[in-house]
Amino acid sequence: MHGSSGTRVPDRSERDHESGRDGWSGNRRRYLAAVGLVSVGVVSGCLGLGDDESDVLGDPEYREDRPDPGGVSMEDMPDLNGDLTIYSGRSQPRIGELIEYVEAQYDDLTIEVRYDDTADLISTIETEAETPADVFYGSETQSMTHLKDEGYTVELPDEVVDLVDTGSVDPDGHWTGFTRRFRAVAYNRDAYDADELPDDIFAYAEDERFQGDIMWPPDQGSFQAFITSMRLLHGEDETRSWIQSMVDDQGVEASPGGDSALAQAVGDGEVSVGLTNHYVVRDHGGDSVGLAFTSDDAGAMYNVTGGTVMADSDDTETAANFVQHMLSAEAQEYFATTTWEYPVIDGVEPLAELPGTDEFEPPEFDLNELDDPDPTLELLREEDVL
């Protein structure tokens, strides 16, 4: 249907795909493993979900004292049965436990997941004569929009997309967000207080305090999406000028290992500030890292992780019902408390360590416009950033 080969991508060693080199590529200043195709299995005990426990998922350390999540419970969603294959650009450490939990709720359901880099999964789908994937789980909007534009996906039912906040769902209904992640400025608390940092992304290319003391991760898909949003919101010329100033005037340093290494560098005091995603302090940096935000510019943009149903699926109804389960009260609470990302449904709050979304001033634009990374990649190469 979409190609001539059924070639599969070989297994490769586990790595975090959240901000990997996928090539798809008011004031808000507040603090804030297997790889390849694997059978999910049942590990509900690992979630502390014994007979006497709540059926709300999430790290118990962060579940304590949280309000009961609102939204629709999995119990009130259609049952899942049969065999589902998921291609996931999100890593097993991020979402594997949740998928295992979903499978454990249904005796007649088997879920297999292929975890891999987003670009490799897209390439696999494009070379398969008929992809076995029922659901594509994207770590960024770009990949889902690409599949939609190339005719690989189907429209989701209204009862799925109607659950999601405006701005986190495809206007055509082909994909829905599961979580939101915002761009942020990570800073070393020994060097700055949040209110000392600019709330304008362009000021970071001009402020002499940041000369030789700022880092970015140019090879990451999330960073490239940020640059794409800057081009769309502020124009090619202003974006190029900002990049040139960051390189020539500020001597910006490239992260040696993506957003995670950037956060660690900030926490260790190797640099005082870094441009990243808000959730990186969940895993790195400790108490020495704070988060600041810009306002109503590309530095405040957000992206979503999410899902789409593949047109080649033998059971698009069950696939859509699985996507709906990722929007359940339980799943959204899991995302909020274990990934530190923002839910996309009403009734589930972000962690207390994060500001509420009513305090945000992100720019308004259609996430589908992030689909084409080529002009951004060309710009970054012309300026010797990549």
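A brief report on the enclosed structure follows. (Residues numbered from 1 in each chain as written. Predicted model: local features only at pLDDT ≥ 70, side-chain atom pairs only at ≥ 80, totals over all residues. Heavy atoms only, no water.)

## Remarks on the pattern of salt bridges
A side chain with one charge may pair with a side chain of the opposite charge, provided their charged atoms come close.
1) Next: All chains considered together, the criterion is met by 12 salt bridges.
2) Next: The salt bridge partner of R66 is E333, with a shortest N-O separation of 2.7 Å. Here R66 is found in the loop between α1 (60–63) and β2 (82–88), whereas its partner E333 is found in helix α10 (residues 329–338), with 267 residues between them in sequence.
3) Next: By relative accessible area, R66 is classed as buried at 15%.
4) Next: Among the salt bridges present, the one from R181 reaches E140, with a minimum N-O distance of 3.4 Å. (Salt bridge = Lys/Arg side-chain N within 4 Å of Asp/Glu carboxyl O. Helix = DSSP H or I, 4+ residues; strand = E, 2+ residues; numbered from the N terminus. Buried < 20%, exposed > 50% of the residue type's maximum accessible area, 1.4 Å probe, protein only.)

## Quick notes on empty space enclosed by the protein
1) Next: Roughly 40 Å³ of volume is contained in the largest cavity.
2) Next: For the largest cavity, the full set of lining residues is R183, A184, V185, I201, F226, L275, T276 and G299.
3) Next: Contributing elements (two or more residues each) for the lining of the largest cavity: β6 (176–188) and β9 (273–277).
4) Next: Among the elements that make up the lining of the largest cavity, the one with the highest residue count is β6 (three residues).
5) Next: Along its surface, the second largest cavity is lined by E140, R181, R183, S222, A225, N277, M301 and N303.
6) Next: Where the lining of the second largest cavity is concerned, the elements lending two or more residues are β6 and α6 (221–234).
7) Next: Taken together, the residues of the lining of the second largest cavity break down into two nonpolar, three polar and three charged. (1 Å grid on protein atoms, 1.4 Å probe; cavity = no way out; pocket = protein on both sides within 12 Å on 5 of 7 lines; lining within 4 Å. Points joined across faces, edges and corners; volume = space filled by probe spheres on them. Nonpolar A, V, L, I, M, F, W, Y, C, P; charged D, E, K, R; others polar.)

## Some remarks on a negative patch on the surface
1) Next: Side chains of E155, D158, E159, D162 and E317 sit close together on the surface and give a patch of like negative charge.
2) Next: Mapped onto the fold, E159 is located in helix α5 (residues 158–161).
3) Next: When its relative accessible area of 51% is taken as the criterion, E159 is described as exposed. (Patch = residues over 30% accessible without salt bridge, like charges linked within 9 Å, V, L, I, M, F, W, Y side chains within 5 Å. Areas by Shrake-Rupley, 256 points an atom, 1.4 Å probe, with all protein chains shown as cover. Lys, Arg positive; Asp, Glu negative; His and termini not counted. Charge placed at Lys NZ, Arg CZ, Asp CG, Glu CD.)

## Some details on the packing of aromatic side chains
1) Next: Across all of its chains, the model carries 10 aromatic pairs by this definition.
2) Next: Ring geometry for F182 against Y342: centres 5.2 Å apart, planes inclined by 80 degrees, an arrangement best described as edge-to-face. Placement of F182 in strand β6 and of Y342 in strand β12 (residues 342–343) is noted, with a sequence separation of 160 residues between them.
3) Next: F182 gets classed as buried once you look at its relative accessible area, which sits at 1%.
4) Next: The buried category is assigned to Y342, whose relative accessible area is 0%.
5) Next: Plain terms: the ring middles of F226 and W242 are 5.8 Å apart, the flat faces sit at 90 degrees to each other, and that makes the pair edge-to-face. Taken as a pair, F226 in helix α6 and W242 in helix α7 (residues 236–248) lie far apart in primary sequence, 16 residues in all.
6) Next: Connected via pairs of aromatic rings, a cluster forms that spans W216, F223, F226 and W242. (Phe/Tyr/Trp six-rings, centres within 6.5 Å; stacked < 30°, edge-to-face > 60°.)

## Digging into the packing of α6 against α7
1) Next: It is the contact of α6 with α7, at a shortest axis distance of 7 Å, that shows an interaxial angle of 135 degrees. Between α6 and α7, the interaxial angle falls into the category oblique. Contacts between α6 and α7 involve F226, I227, M230, R231 and H234 from the former and E236, E238, T239, W242 and I243 from the latter.
2) Next: Residues belonging to the contact of α6 with α7 are distributed by class as follows: five nonpolar, two polar and three charged. (Axes fitted to C-alpha atoms, helices over the stretch in contact; angles between N-to-C directions. Parallel < 35°, antiparallel > 145°, perpendicular 65-115°, else oblique. Contact = heavy atoms within 4.5 Å.)

Without other data, these values stay purely geometric and don't point to any function.
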